[in-house]
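If you want the building blocks of each chain, they are given just below.
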Amino acid sequence: MADRELSIALERYDRHVPFFMGTVAQPEGVTLKPLEVGMAPPRRDGIDRHRRMFQDNEFDICEQSFSSYIIATSRGAPYTAIPIFPRRLFSQNHIFVNRNSGIEKPEDLVGKRVALRSMQTTMSVLALGDLSSEYGAPWRDINWITETSEVLPIDHAGVSVDRAPEGRRIGDMLVDGEVDAMINPHPPPRVLQSTDKVRYLFPDRRARALAYHKKHGYYPIMHIMVFQNRVVEE
């Protein structure tokens, strides 16, 4: 009997290179077909990994957004995750402010225009929670600008959420002063290079992240590995 082929969609991280090189031992009776699928171009097998899994059910196994997985399964979607975490990030490393915004501390974000990839992006969820619970900046009092549509529909009632203009990237909007701040797990090169116009909200972000870890005892999870339930059952 031929092995069961299972597609597995992964981002192009160093830790996933062995899959793409074919050096990972195959499970008995299974052949894994690794696909390099990212969230932004270019990637060998395309982009929009989260949407292609949660909306199109395209992959057997998929590296997925933790927050979208929680939303999907809470609504009865047929997925099962396993405790493998390909991506972990601290929010303290991913909040950027325009130097002319007048933002000096987290509380100054209240009433400002802050850009996100989407409200549902796991880094967004983590950062909004951290701003409110750790730093005294209630996220419902901030004006949010999103770059992309949500992978799964969510209710924005009672919160100021607007879409960025068509064709505009939130990194460029931050550098050009169209937004006051940005939270982004993938800060674009222009943001990182424009140190004359942009800085991190937390200049001591490493110390902040270590203090957060010491206080809470965990390194926040961004991505998990998600299986189609039919694969688990088989």
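Criteria and thresholds
- Residues numbered from 1 in each chain as written.
- Predicted model: local features only at pLDDT ≥ 70, side-chain atom pairs only at ≥ 80, totals over all residues.
- Heavy atoms only, no water.
- Pairing = 2+ DSSP bridges.
- Helix = DSSP H or I, 4+ residues; strand = E, 2+ residues; numbered from the N terminus.
- Right-handed = clockwise from strand over helix to strand, strands pointing away.
- Axes fitted to C-alpha atoms, helices over the stretch in contact; angles between N-to-C directions.
- Contact = heavy atoms within 4.5 Å.
- Core = buried A, V, L, I, M, F, W, Y, C linked by side-chain atoms within 4.5 Å.
- Buried < 20%, exposed > 50% of the residue type's maximum accessible area, 1.4 Å probe, protein only.
- Salt bridge = Lys/Arg side-chain N within 4 Å of Asp/Glu carboxyl O.

Caption draft 1: Representation of the pairing of strand β7 (residues 143–146) in the model. Where strand β6 (residues 113–116) meets β7, four bridges bridge the pair, whose relative direction is parallel. When the sheet's bridge partners are listed, Arg113 is paired in β7 with Asn143. Crossover β6 to β7 through helix α4 (residues 122–135) is right-handed.

Caption draft 2: Quick peek at the sheet that holds strand β2 (residues 30–36). The sheet built from five strands is open, its strands ordered β2-β1-β3-β11-β4 with mixed pairing. Sheet topology places β2 and β4 (79–88) at the edges, where each strand pairs with a single neighbour. Within the sheet, the average angular offset between the axes of one strand and its neighbour, ignoring direction, is 30 degrees. Across five bridges, the pairing between strand β3 (residues 61–65) and strand β11 (residues 221–228) is antiparallel. Of the residues in β11, the one forming a bridge with Gln64 is Ile224. Those strands touched by helix α3 (residues 66–74) are β3, β4 and β11, and its axis lies near 45 degrees from that of β11.

Caption draft 3: Spatial organisation of the nonpolar core. In terms of nonpolar packing, the biggest core is built from 26 residues, with Leu109, Val114, Met123, Leu131, Trp144, Ile183 and Leu201 touching the most fellow members. Going through the elements one at a time, β5 (95–98), β6, α4, β9 (181–183) and α7 (205–216) are the ones with two or more residues in this core. It is α4 that provides the largest number of residues to this core, a total of six residues. When near neighbours in sequence (up to four residues on either side) are disregarded, Trp144 contacts Val114, Leu116, Met119, Leu128, Leu131, Trp139, Val159, Ser160, Val161, Asp162 and Ile183. Counting residues in hydrophobic clusters, the runner-up holds 15 residues, among them Phe54, Tyr79, Val151 and Leu152.

Caption draft 4: Expanded view of the sheet that holds β6. Pairing in this open sheet of six strands is mixed, and the strands run β8-β7-β6-β9-β5-β10 from one edge to the other. The sheet is open, and its two borders are formed by β8 (161–163) and β10 (198–200), each paired with just one other strand. Taken over all neighbouring pairs, the strand axes of this sheet differ in orientation by 30 degrees on average, direction set aside. As judged from the three bridges shared by β5 and β10, these two strands associate in the antiparallel manner. By the bridge assignment, Val97 is partnered in β10 with Arg199. Contacts between α4 and the sheet are confined to β5, β6, β7 and β9, with β9 contributing the most and set at about 120 degrees to the helix.

Caption draft 5: Seen up close, the environment of Ser74. Mapping Ser74 onto the fold places it in helix α3. Residues Ser74 and Phe96, spaced 22 residues apart in sequence, show a C-alpha to C-alpha distance of 32 Å.

Caption draft 6: Layout of the pattern of salt bridges. As enumerated under the stated definition, the model contains 20 salt bridges in all. Among the ionic pairs, Arg51 bridges to Asp48, the shortest N-O distance being 3.8 Å. For Arg208, the salt bridge goes to Asp204, with nearest N and O atoms at 3.3 Å. Through salt bridges with shared partners, one network takes in Arg168, Asp172, Asp176, Glu178 and Arg190.

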